[in-house]
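Here are the chains, one letter per residue:
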Amino acid sequence: MEFFEVVKKRRSIRKYQKKKVPEEYVEKILEAAFYSPSSRNRRPWHFVVVDEEGLIKKLAQTRPALEFLETAPLAIVVCGDEEISSAWVFDASIAAEHIQLAATALGLGTCWGHVLERMHNKEKSAEDYVRELLGIPEHIRVLCIIGIGYPAEEKPEHSEKEVMWGRVTGTGLETHGK
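This text gives an overview of the structure that appears in the document. Source: prediction; values computed, not measured. (Residues numbered from 1 in each chain as written. Predicted model: local features only at pLDDT ≥ 70, side-chain atom pairs only at ≥ 80, totals over all residues. Heavy atoms only, no water.)

The number of helices and strands found in the protein is five helices and four strands. Taking 2.2 N^0.38 as the reference for a compact globule, 178 residues should give roughly 16 Å; the C-alpha atoms of the protein span a radius of gyration of 17 Å, in line with that estimate. Across the 178 residues in the protein, those meeting the buried criterion constitute 40%. In the structure as shown, the protein presents an accessible area of about 10400 Å², 52% of it carried by carbon and sulfur atoms. In the protein, the 25 positive side-chain charges and the 28 negative ones have mean positions that sit 4 Å from each other. (Helix = DSSP H or I, 4+ residues; strand = E, 2+ residues; numbered from the N terminus. Rg over C-alpha atoms; globule rule 2.2 N^0.38 Å. Buried < 20%, exposed > 50% of the residue type's maximum accessible area, 1.4 Å probe, protein only. Areas by Shrake-Rupley, 256 points an atom, 1.4 Å probe, with all protein chains shown as cover. Lys, Arg positive; Asp, Glu negative; His and termini not counted. Charge placed at Lys NZ, Arg CZ, Asp CG, Glu CD.)

When you tally the buried positions in strand β4 (residues 140-149), you get nine out of ten residues, the bulk of the element. Note: strand β2 (residues 74-81) against β4, eight bridges, orientation antiparallel. Among the inter-strand pairings, Cys79 is bridged to a residue of β4, identified as Val142. Sheet topology note: the strand β3 (residues 109-114)/β4 ladder contains six bridges and is antiparallel. (Pairing = 2+ DSSP bridges.)

Attention now moves to helix α5 (residues 126-134). Owing to its 3.6 residues per turn, the α-helix brings residues three or four apart onto one side. Within the span of α5, buried status applies to Ala126, Glu127, Tyr129, Val130 and Arg131. On its buried face, α5 is in contact with α3 (53-59), β2 and β4. (Contact = heavy atoms within 4.5 Å.)

The next point concerns a negative patch on the surface. There is a patch of like negative charges on the surface, built from Glu23, Glu24, Glu27 and Glu31. Positionally, Glu27 belongs in helix α2 (residues 23-34). For Glu27, a relative accessible area of 49% translates into the label partly exposed. (Patch = residues over 30% accessible without salt bridge, like charges linked within 9 Å, V, L, I, M, F, W, Y side chains within 5 Å. Salt bridge = Lys/Arg side-chain N within 4 Å of Asp/Glu carboxyl O.)

A separate point is the packing of aromatic side chains. All chains considered together, the criterion is met by three aromatic pairs. Here the aromatic rings of Phe3 and Phe4 are separated by 5.2 Å at their centres, their planes lie at 80°, and the arrangement is edge-to-face. Ring geometry for Phe34 against Trp45: centres 5.9 Å apart, planes inclined by 70°, an arrangement best described as edge-to-face. One end of the pair, Phe34, is in helix α2; the other, Trp45, is in strand β1 (residues 45-50), with eleven residues separating them in the sequence. The exposure class of Phe34 is partly exposed, given its relative accessible area of 38%. Assessed through its relative accessible area of 6%, Trp45 is described here as buried. Here a set of aromatic residues connected by ring pairs shows up, and it is made of Phe34, Trp45 and Phe47. Of note, Lys19 hangs over the ring of Tyr150, and the distance from its end group to the ring centre comes to 4.1 Å. (Phe/Tyr/Trp six-rings, centres within 6.5 Å; stacked < 30°, edge-to-face > 60°. Lys NZ or Arg CZ within 6 Å of the ring centre and 35° of its normal.)

In this section: the layout of surface pockets. To find leftover empty space, a probe the size of one water molecule is rolled over the atoms. As a volume, the largest pocket reaches approximately 290 Å³. Together, 18 residues line the largest pocket, and Asp51, Glu53, Ala72, Pro73 and Leu74 are the ones closest to its centre. Elements with a minimum of two residues in the lining of the largest pocket: α2 and α3. If one sorts the elements of the lining of the largest pocket by residue count, α3 sits on top with three residues. Here the residues of the lining of the largest pocket are counted per class, giving eight nonpolar, two polar and eight charged. (1 Å grid on protein atoms, 1.4 Å probe; cavity = no way out; pocket = protein on both sides within 12 Å on 5 of 7 lines; lining within 4 Å. Points joined across faces, edges and corners; volume = space filled by probe spheres on them. Nonpolar A, V, L, I, M, F, W, Y, C, P; charged D, E, K, R; others polar.)

Below, the structure written as structure tokens:
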């Protein structure tokens, strides 16, 4: 798939077919994440790959916005090591987007489920819930959980109507007629 086609096709898919994601696809997706840029090339990312249905259902209980994980055959928990880089949030975010684009290029659907600075319940943060569930050490911070699978819903690709030229300033725009 050509790059701009991938970007237009990437949508938040919240319903998945009950079909396992092939291991070679998981490897390709992670490879794309490791190719993402990071601050000073410190590469603070950590990824927890979850394909066990019972565990994914527990991840879906992290917070209400992550209920879409219920039908996902695969979840990748995107984390960053704050001891390696203070820019871990940015670096992990870029890696998460690489994961989503790679999955889209492979014909899969994805959805980002935000964890950082969100609450599981009144007493516990979503990050602490995920950390305890998966045995993630304290210095490894949890950014998000990406649900991945074969889409069980169709969404139209993005269109040029969504491009917000009014939010662009600078020179060189006159050739675009904007």
